[in-house]
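Structure assessment
One letter stands for each residue in the lines below.
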Amino acid sequence: MAESVVTENGEGGDATRRDFIHIAAGAAAVGAAGMMAWPLINSMNPAADTLALASIEFDMTKVQEGQQIVIKWQGKPVFVRYRTPAEIQAARADDRAGLPDPQADADRVKEGHQQYLVLIGNCTHLGCIPTFGTGDFGGWFCPCHGSHYDTSGRIRKGPAPLNLVVPEYEFLSDTRIKIG
Amino acid sequence: MSDHESTYVPKTGIEKWLDTRLPIVRFGADYMALPTPRNLNYWWTFGGILALCLVIQIATGVILAMHYVPNTEMAFASVERIMRDVNGGDLIRYTHANGASMFFIAVYLHMLRGLYYGSYKAPREMIWIIGCLIFFLMIATAFLGYVLPWGQMSYWGAEVITNLIGAIPVIGEPVLIWLRGGPAIDNATLNRFFSLHYLLPFVIAGCVVLHLWALHAAGQNNPVGILIPKDREKKDTLPFHPYFTVKDGFAIIVFLMLFALFVFFMPNALGHADNYIPANPLVTPAHIVPEWYMLPFYAILRAIPDKFGGVVAMFAAIGILFVLPWLDTSKVRSMRYRPTMRTFFVLFVINGLILGWCGAQLPDAPVIGDFKTFILIDGDLNSYLWLTRFATLYYFAFFAIIMPLVGLRETPQPIPATISEPVLGGDAEKG
């Protein structure tokens, strides 16, 4: 039996078959390691209970005209701002003002509720919370690295690359919204 | 130096028994007998100091982990409990917190030593590269550890630094969520940061073993920078013990005095008061600053007007160190014999301090007095923004332009043939 396996030139005779077995075994080991690693890596993604906290409701009558309220959603601050007519006008007037991240004010609010601006309150630069009603454009100013946002929450000046993010939300009634 | 023969002779019965089974005593004895260049100065003592720093951090850290609770509801309170109720807890925590700063003081001096004396050049590239890796792991570990007390600076530092990853195009956002374990920095983040903060010091310890292995394969550099010829090994080297254990020991005592000064008399001088306010995801501190040892890199991050560009520049500032052995074109190792390069080196050190200073300032604040000059592109010329940019430029130019060019153009001073020649005027035999 042994003679049929070990040929005269045992070194090179079965080279291609051995190479194949080496490569196949190596590939199987790499594949198996990857399959074992994936559940470990994936376990670091948001867990089911974290994802379950996905939506909240908010009563808009709590916000007074010209003010904002900050609520917490998914661990992040959310700005709910009741804009004055002058602020809405300023935002609309700047729709074509050469914005770094061009977007019309009308696209950032809900039809018929343009006085309400709902935004995720993290600066799009590195995540600080911009301060309300300050900066060169009357919207927000981020004290960390000096980003200025206008009254539509659009980036106007500074290192932030994008406008403040409008989260997914809908009006359940005239005075109640659901975020997420 | 690496292939010197073992001079260890097992004396007792147990040593003889052990020597054929696990020659660990021989390993230690050979290590202590290692021929070491006799001209090593005090800049060479930081290796031993750093080893001690790692031991102190691991020892205090393991104890702290017995009292700390990695949960957003309890982390801050558990740290305060360590400070007030755990026996000697305040000293253990202050030693750990200030130990991180001491670790970085030592590592920066250790790296500048390597830079000045050309310790990264052939045949020692691997020592340098592994060292750079250790430095990078140290930064990661320090950052993770700073998040654990769950104060305002912990939280917002974590927010800002993890957001850097979000700046990567396309994959940034999913990777960011994966890293945080949720849409924002929260309990999942704190838990994994604690786990990794416990893990990485042991990865560092493993890299230190490789660092020493590479060191003993290539042999130690010395202030003169020449390789010691085989036939001069007896004359130009001394056994590591007792000559350099004593020298290292003295340096360690002096270093521990500085360490003790901070721990006992000003334990919070290097920290930030805001970190004694519990983390609040709805309030950003007015001025977010990292710990002092990260300030130069934080400054480089802020110097670039583009978010992703800033992240790239910051990582490149560390990444460029890895290829340093191939950027330096000079054949001469030690800057003792390179007067031109020495001037640039001194400027580099000053520049690093300026970058660190800039990292702690508000970018728009004026540098000199309280006046405006003129707007250059996007900021006043008399502002930390522009000072940071000039300093960032010099940082990169030093490695990418000055190092290759000066090496080709300069005329180095004559290099001595042996390491005793500068001391004994070439007549080393008499000494």
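The paragraphs below set out a description of the structure included in this document. Everything quoted here is computed from the prediction, not taken from an experiment.

Observations regarding the interface of chain A and chain B
Between chain A and chain B, the contact holds 26 residues from the first and 25 residues from the second. Both faces considered, chain A and chain B share a buried interface measuring about 2,100 Å² in area, 65% of it formed by carbon and sulfur atoms. Summed over the shared surface of chain A and chain B, the result is six residue pairs in polar contact (both at pLDDT 80 or more). Among the secondary structure elements, those contributing two or more residues to the side of chain A that touches chain B are strand E2 (68–73) and strand E3 (76–82) of chain A. When residues in the side of chain A that touches chain B are grouped by element, the largest group, three residues, is from E2(A).

Let's talk about the pairing of E3(A)
All names here are of chain A. Most of E3 is tucked away, with six of its seven residues classed as buried. As paired elements, E2 and E3 share six bridges and run antiparallel to each other. Among the inter-strand pairings, lysine 72 is bridged to a residue of E3, identified as proline 77. Two elements, E3 and strand E4 (residues 116–120), share five bridges in a ladder whose sense is antiparallel.

Concerning the side chain of B:Glu125
All names here are of chain B. Positionally, glutamate 125 belongs in helix H6 (residues 125–147). Look at glutamate 125: it is buried, it has no salt bridge, and the nearest opposite charge is arginine 333 at 8.2 Å. Ignoring anything within four residues of it in the chain, the contact list for glutamate 125 reads Tyr120, Pro325 and Trp326.

Some remarks on the sheet that holds E4(A)
Residue and element names in this part refer to chain A. Strands sit in the order E2-E3-E4 across an open sheet of three strands; the sheet is antiparallel. Two strands in the sheet have a free side with no partner beyond their single neighbour: E2 and E4. Mean inter-strand twist for the sheet, computed between neighbouring axes without regard to direction, equals 20 degrees.

Some thoughts on the nonpolar core
Ranked by size, the top nonpolar core spans 119 residues in total, and within it B:Leu115, B:Tyr395 and B:Phe399 carry the most contacts. Tallying contributions element by element places H6(B) first for this core, with 14 residues. Each of domain 1 (1–6 + 24–288) and domain 2 (298–418) of chain B accounts for three or more of the residues forming this core. Those residues in contact with B:Phe399 that lie beyond four places of it in its chain are B:Leu115, B:Ile320, B:Leu321, B:Leu324, B:Leu327, B:Phe348 and B:Pro404. By size, the runner-up hydrophobic cluster in this structure holds 14 residues, among which are A:Ile71, A:Trp73, A:Val118 and A:Ile179.

Parameters and conventions
- Residues numbered from 1 in each chain as written.
- Chains lettered and ligands numbered in written order.
- Predicted model: local features only at pLDDT ≥ 70, side-chain atom pairs only at ≥ 80, totals over all residues.
- Heavy atoms only, no water.
- Contact = heavy atoms within 4.5 Å.
- Buried area = accessible area lost by both parts, 1.4 Å probe.
- Polar contact = N/O pair within 3.5 Å; in protein donor to acceptor, adjacent residues only side chain to side chain.
- Helix = DSSP H or I, 4+ residues; strand = E, 2+ residues; numbered from the N terminus.
- Buried < 20%, exposed > 50% of the residue type's maximum accessible area, 1.4 Å probe, protein only.
- Pairing = 2+ DSSP bridges.
- Lys, Arg positive; Asp, Glu negative; His and termini not counted.
- Salt bridge = Lys/Arg side-chain N within 4 Å of Asp/Glu carboxyl O.
- Axes fitted to C-alpha atoms, helices over the stretch in contact; angles between N-to-C directions.
- Core = buried A, V, L, I, M, F, W, Y, C linked by side-chain atoms within 4.5 Å.
- Domains from an automatic or database assignment.

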